[in-house]
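Now for the letters of each chain:
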Amino acid sequence: MIKTIGVLGAGQMGNGIAHVFAQYGYRVFLYDIAEAQLEKAVNTIRQNLERQAKKGAIAESLVGETVGRITATKNMADLAGCDFCV
Ligand SMILES: NC(=O)c1ccc[n+]([C@@H]2O[C@H](COP(=O)([O-])OP(=O)(O)OC[C@H]3O[C@@H](n4cnc5c(N)ncnc54)[C@H](O)[C@@H]3O)[C@@H](O)[C@H]2O)c1
């Protein structure tokens, strides 16, 4: 059973992919070589979730829960235990 997802690259595609997996309950390891991209990606995901919550599309509590399922990392070894990588 797939529970843990690895996402390589935290740019435009990566942040969206990480967002959706985390929103639907998967544990996500988001990997990039650039620290700034990782920070930007997590901020973007949080902002997008907050927008969804403001519109009533998701519960407010899902914002923190979703972000909490994402680990941003520059260490590819953190993805070694992932069940599926994108
Ligand atoms: N953006 C789109 O609409 C779209 C659509 C289909 C396919 N793609 C493809 O998806 C991929 C990513 O596109 P994007 O728009 O997210 O690009 P992007 O430039 O927004 O993000 C790419 C990310 O990959 C990171 N990166 C570069 N080399 C790396 C490495 N060796 N290891 C880990 N991270 C690395 C960069 O730091 C950056 O954060 C590309 O191959 C692109 O062709 C993009």
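Let me sum up the structure you'll find in this document. (Residues numbered from 1 in each chain as written. Predicted model: local features only at pLDDT ≥ 70, side-chain atom pairs only at ≥ 80, totals over all residues. Heavy atoms only, no water.)

## A closer look at the pattern of salt bridges
This is how the line gets drawn: Throughout this description, the term salt bridge denotes a Lys or Arg side-chain nitrogen within 4 Å of a carboxyl oxygen of Asp or Glu. Each residue is placed in one exposure class: buried if its accessible area under a 1.4 Å probe, protein chains only, is under 20% of its type's maximum, exposed if it is over 50%, and partly exposed if it falls in between.
Under the defined criterion, the tally for this structure stands at one salt bridge. A salt bridge links Arg69 to Glu65, with the nearest nitrogen and oxygen atoms 3.6 Å apart. With a relative accessible area of 40%, Glu65 lands in the partly exposed category.

## Here we look at the sheet that holds strand E3 (residues 70-73)
The condition that has to hold: Any two strands with at least two DSSP-identified bridges between them are counted as paired. Helix and strand labels come from DSSP, where a helix needs a run of H or I of at least four residues and a strand needs a run of E of at least two; each type is numbered from the N terminus.
Reading across the sheet, the four strands line up as E3-E2-E1-E4 and stay open at both edges, with parallel pairing between neighbours. The open sheet is flanked by E3 and strand E4 (84-85), the only strands paired with a single partner. Pairing of strand E1 (residues 4-8) with E4 involves two bridges; the strand directions are parallel. Note on E4: the bridge partner recorded for Gly6 is Cys85.

## Quick notes on the side chain of Thr73
How we decide: Definition of a polar contact: a pair of N or O atoms within 3.5 Å, with one able to donate and the other able to accept a hydrogen when the atoms are protein atoms, and with sequence-neighbouring residues admitted only if both atoms are side-chain atoms. Contacts are assigned to residue pairs with any non-hydrogen atoms lying within 4.5 Å of each other.
By the secondary structure assignment, Thr73 is in strand E3. Only 2.6 Å separates the side chain of Thr73 from the side chain of Asp78, close enough to count as a polar contact. Sequence-distant contacts of Thr73, defined by excluding residues within four places in its chain, comprise Leu30, Tyr31, Asp32, Leu38, Asp78 and Leu79.

## As for the side chain of His19
Mapped onto the fold, His19 is located in helix H1 (residues 12-23). Accessibility expressed as a relative area gives 9% for His19, which makes it buried. Discounting residues that sit within four places of it in the chain, His19 has contacts with Ile45, Asn48, Leu49, Gln52 and Thr66.

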